[in-house]
Amino acid sequence: MGSTRTRRKNGQQTAIAYHERLEKSDLLEIYRRLWFARIFDEALYDAKKKGRLRRGNVYGSRGQEAIQVGTTYPLRPDDFVSPIHRDMPVFVFRGMTPEQVMCQIWGKANAPTRGKDSWSHMGDMSLGIVHSTSMLGSTIAVACGVLWAQRLDGRRDRVLVAYTGEGATATGPFHEGLNFAAVHKLPLIVVVENNQYAYSTPVELEVPTETVADRAKGYGIPGYCIDGNDVLEVYNTTCAALEHARAGNGPVLIECVTYRLQGHADHDETRARQYRPVEEIELWEKRDPLPRYRQYLLKTGLFSEAELPEPPPDIVEQIQKAIEYAISSPDPEPHTALEDIYDESAGVSR
Amino acid sequence: MREVTFLEAIRLAMWEEMERDPNVFVIGEDIGRMGGAFGVTSGFFEHFGEDRVIDSPISETAIIAVAVGAAAAGKRGIAEMQFIDFISYGFDQVVNVAGTWLYRSGGKTPIPIVVRGPSGGYVGGSLYHSQQFEAWFFHTPGVKVVQPAFPDDAYGLMKAAIRDNNPVVFYEHKYLYRRIKGAIPDASEDYIVRLGEARIRRYGSDITVVTYGAMVHFALEAAQRLEKEGISLEVIDLRTIKPLDMETILESVCKTSKVLIVYEAPKTGGVGAEISARITEQAFEWLDAPIVRVAAKDAFVPFAEPLEKFVLPSVDDIVFAARELAAY
Ligand SMILES: Cc1ncc(C[n+]2csc(CCOP(=O)(O)OP(=O)(O)O)c2C)c(N)n1
């Protein structure tokens, strides 16, 4: 059984404890973000179950919160991210409002895509959030173009963090993109969220190397293989990768080993307990990144129990309010379906 | 006869062909141990084993390429796209590799593959889980394109597609998978629906409706509604989109003199354009009215319900168009 897979044998790890530079307020903010991600996920599953969300799938990220938080916390405001289906909270961490994200999920007129697309297929270039599609892997290659534009603008220091599942590392565009980035030393950080299953397919049937990070060797770039359920390890590794990339040394691959605690999406809950051993799921429940980080904070002696509520009630309220906002927001007008297909606003490039 | 869903008809066709011919195999994502995202290959892995039921990494290029390479070496691969939209990653394999192989081998090496998967809208699948771009492959020499509407056809056409010596792109409308049930012949009958033959699903006298896929059901519903108004539709289900069965279409056109072409893909450059052109080329003097197309608007399939409804053709659209055509 692959349940004890932590797969850290070959991967590089950072020795530098960047997190020691964090203030108490940062440590608390990280705690709150972990909870934001958790509650976000729970609230959507609940809305789906209760029939309040009637369209689209919910791709859960329960158990993967440390990656969402740890990879975004050290970023500069002018860095880029390209979140995919299991990274919804990243949109908020990088500047979208919870209301915008919920409107996207509910397909409302005031959503970033104006109801045209669903879930994570959105972005906002002004916030450095690069739109991805359903086509797994494709954004890794697109990221190279975004970074090349920065090079043309004399901004070689802006980094792009591109997310992918371990399964999607089997696609052509993943390889072509990373190869291109490595050849041209682009500041691309590819975060592989190795939750050990691509839908029903275990990582062994997606990736032939011992770790996903081993793939980095083929591009001559650093490949880290880290504990994706330890938010500070994720944070530290991201800091190291950022230094490497910003200094012009090219891309970095970070494999965050974690586990998909739920089904592939909300429709997959029953099956996901059939194609995976239940003991494996239960084992990973115990590696939940939230209590782990809370334990760490308490040990620092900087926080009292009362300072670390589970969950923070104001975040529960914030997310609930965003959902209510989305539900009461107007649906898009039918004719707007024909808008945004071409941009005829100018004859010259912007 | 067996009463089955549309999905089960496809499953049984593949199953029986794999039983009949050890050269047939299936390849795709999550198709083995899980039995496929929609369950079209459920039970295959246990029965046929891992060499003939291949769980592939997320690599559409490789999935199709493996089927193609194996076909060149004498096998018959069925490649599942988890959603047919993802065939875009394997486009080159279908168009440039599979499509041309016979041609560039001096007729020596046929490529008998089926690339199949769920297509189409009406389920809130949004941009990348709703597409119907059969026109891409309709435009490709060397490739056949099939889209059934009923379980018996899905069953017979899938068998024919597997036995056919050419690359076949097989569209399975996901809206029909579990909604549509019907009787299919028993395995012992070795029932086949030959590729390239349309079927008249409803006889009528006023207007010929040429359609395929989920739109057949819409057209039949429209026909039922219009019957009460005294407008009689003849509904032709193409079943195979390429090669086109012009004979059946022209025969009907000569009878009704009015043509409505219904398809779910964006109107511009769609299959309907070719059908319309051929009818005007071959039966212009039989026409009493301009040929009319009901199709999706020239947009992507959007997510929000009011948007999706606006873009995709509806039964109402067919009814209105047919009324106008009848009055012409
Ligand atoms: C090119 C492509 N093929 C297939 C799919 C269907 N699909 C969506 S998610 C998924 C599994 C992805 O696995 P992984 O990359 O490991 O990410 P995870 O879902 O585990 O986070 C698949 C096969 C897709 N979206 N794109």
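Structural notes on the confidence of the model for chain B
Line of reasoning, step 1. The predicted model of chain B has a mean per-residue pLDDT of 98, with 100% of residues at 70 or higher.
Line of reasoning, step 2. Quick note on the complex model: pTM equals 0.96, ipTM equals 0.95.

Overview of the pairing of strand S7 (residues 252–257) of chain A
Residues and elements named next belong to chain A.
Line of reasoning, step 1. Among the six residues in S7, six count as buried, and that is most of the element.
Line of reasoning, step 2. Both faces of S7 are covered, namely the face carrying Val 252, Ile 254 and Cys 256 and the face carrying Leu 253, Glu 255 and Val 257.
Line of reasoning, step 3. Here strand S3 (residues 188–194) runs beside S7; their pairing, made up of six bridges, is parallel. The residue of S7 that forms the bridge with Asn 194 is Val 257.
Line of reasoning, step 4. In this sheet, S7 lies alongside strand S6 (residues 223–227) in parallel orientation, the contact comprising five bridges.

Side note on the domain arrangement of chain B
Residue and element names in this part refer to chain B.
Line of reasoning, step 1. Domain boundaries assigned for chain B yield domain 1 (2–189) and domain 2 (199–327).
Line of reasoning, step 2. Summarising the inter-unit geometry, the C-alpha centres of domain 1 and domain 2 are found 26 Å apart.
Line of reasoning, step 3. Counting from both sides, the interface comprises 32 residues of domain 1 and, opposite them, 30 residues of domain 2.
Line of reasoning, step 4. Buried area between domain 1 and domain 2, both sides added, is near 2400 Å², and the carbon and sulfur share of it is 62%.
Line of reasoning, step 5. Of all residues in domain 1, the largest losses of buried area upon contact with domain 2 belong to Tyr 122, Phe 138 and Phe 150, amounting jointly to 30% of the total for that side.
Line of reasoning, step 6. There are five salt bridges connecting domain 1 and domain 2.
Line of reasoning, step 7. In this structure, the salt-bridge partner of Arg 239 is Asp 153, at a minimum N-O distance of 2.8 Å.
Line of reasoning, step 8. Put simply, domain 1 and domain 2 have 18 residue pairs in polar contact (both at pLDDT 80 or more) between them.

With respect to the sheet that holds strand S10 (residues 207–211) of chain B
Residue and element names in this part refer to chain B.
Line of reasoning, step 1. The five strands lie next to each other as S9-S11-S10-S13-S14, forming an open sheet whose pairing is mixed. With one partner strand each, in any of the chains shown, strand S9 (199–202) and strand S14 (292–296) form the two edges of the open sheet. Averaged over all neighbouring strand pairs, the angle between strand axes comes to 25°, with direction disregarded.
Line of reasoning, step 2. With three bridges joining them, S9 and strand S11 (residues 233–237) adopt antiparallel strand pairing. When the sheet's bridge partners are listed, Ile 200 is paired in S11 with Ile 236.
Line of reasoning, step 3. The sheet strands contacting helix H7 (residues 214–227) are S9, S10, S11 and strand S13 (259–266), and the helix crosses S11 at an angle near 170°.
Line of reasoning, step 4. In the packing of helix H11 (residues 315–327) onto the sheet, contacts are made with S10, S11, S13 and S14, and the angle to S13 comes to roughly 155°.

What to know about the site of the ligand
Line of reasoning, step 1. Around the ligand sit 20 residues in total, of which His85(A), Arg86(A), Ser134(A), Tyr197(A) and Glu60(B) are the nearest.
Line of reasoning, step 2. With respect to the ligand, its neighbouring residues span chains A and B.
Line of reasoning, step 3. Side-chain polar atom of Arg86(A) to an oxygen atom of the ligand: 2.6 Å apart, as the coordinates give it.
Line of reasoning, step 4. Gly167(A) is positioned with one of its backbone polar atoms (N or O) 2.9 Å from an oxygen atom of the ligand.
Line of reasoning, step 5. For the ligand, the protein covers 96% of the area, taking 580 Å² as the surface of the free molecule.

Examining the interface of chain B and chain A
Line of reasoning, step 1. Each partner contributes residues to the interface: chain B has 33 residues there, and chain A has 40 residues.
Line of reasoning, step 2. Looking only at chain B, the three residues that lose the most surface to chain A are Ile58(B), Tyr89(B) and Phe303(B), adding up to 26% of its buried area.
Line of reasoning, step 3. Where chain B packs against chain A, one counts one salt bridge.
Line of reasoning, step 4. With a closest N to O distance of 2.6 Å, Arg55(A) and Glu308(B) form a salt bridge.
Line of reasoning, step 5. The element that contributes the greatest number of residues to the side of chain B that touches chain A is helix H10 (residues 305–311) of chain B, accounting for six residues.
Line of reasoning, step 6. Residue composition of the side of chain B that touches chain A, grouped by class: 17 nonpolar, eight polar and eight charged.

Side note on the pattern of salt bridges
All names here are of chain A.
Line of reasoning, step 1. Under the counting rule described, the total for this entry stands at 50 salt bridges over all chains.
Line of reasoning, step 2. Between Asp 331 and Lys 108 there is a salt bridge, and its shortest N-O distance comes to 3.3 Å. A residue pair is termed long-range when its members are at least 10 positions apart, and Asp 331 in the segment after helix H11 (313–328) and Lys 108 in the loop between helix H4 (98–106) and helix H5 (138–152) qualify at 223 residues.
Line of reasoning, step 3. Judged by relative accessible area, Asp 331 falls into the partly exposed class, the value being 44%.
Line of reasoning, step 4. Note on Lys 108: relative accessible area 7%, which makes it buried.
Line of reasoning, step 5. For Glu 305, the salt bridge identified is with Arg 294, shortest N-O distance 3.0 Å. Remark: Arg 294 occurs in helix H10 (residues 289–300) and Glu 305 occurs in the loop between H10 and H11; sequence separation between them is 11 residues.
Line of reasoning, step 6. According to the relative accessible area criterion, Arg 294 is buried, its value standing at 9%.

Details of the sheet that holds strand S1 (residues 80–82) of chain A
Residues and elements named next belong to chain A.
Line of reasoning, step 1. With parallel pairing, the five strands of this open sheet are ordered in space as S1-S2-S3-S7-S6. At either margin of the open sheet sits one strand with a lone partner, and together these are S1 and S6. The average undirected angle you get between the axes of adjacent strands in this sheet is 20°.
Line of reasoning, step 2. Across six bridges, the pairing between strand S2 (residues 160–165) and S3 is parallel.

Side note on the environment of Ile184(B)
Residues and elements named next belong to chain B.
Line of reasoning, step 1. With respect to the helices and strands, Ile 184 occurs in strand S8 (residues 181–184).
Line of reasoning, step 2. A residue is classified by how much of its surface remains accessible, and Ile 184, at 0% relative accessible area, is buried.
Line of reasoning, step 3. Those residues within four positions of Ile 184 in sequence are excluded, and the remaining contacts are Met 1, Arg 2, Val 4, Ala 9, Leu 12, Pro 151, Asp 152 and Tyr 155.

Calculation notes
- Residues numbered from 1 in each chain as written.
- Chains lettered and ligands numbered in written order.
- Predicted model: local features only at pLDDT ≥ 70, side-chain atom pairs only at ≥ 80, totals over all residues.
- Heavy atoms only, no water.
- pLDDT = per-residue confidence, 0-100.
- Buried < 20%, exposed > 50% of the residue type's maximum accessible area, 1.4 Å probe, protein only.
- Helix = DSSP H or I, 4+ residues; strand = E, 2+ residues; numbered from the N terminus.
- Pairing = 2+ DSSP bridges.
- Domains from an automatic or database assignment.
- Contact = heavy atoms within 4.5 Å.
- Buried area = accessible area lost by both parts, 1.4 Å probe.
- Salt bridge = Lys/Arg side-chain N within 4 Å of Asp/Glu carboxyl O.
- Polar contact = N/O pair within 3.5 Å; in protein donor to acceptor, adjacent residues only side chain to side chain.
- Axes fitted to C-alpha atoms, helices over the stretch in contact; angles between N-to-C directions.
- Near = heavy atom within 4 Å.
- Areas by Shrake-Rupley, 256 points an atom, 1.4 Å probe, with all protein chains shown as cover.
- Nonpolar A, V, L, I, M, F, W, Y, C, P; charged D, E, K, R; others polar.

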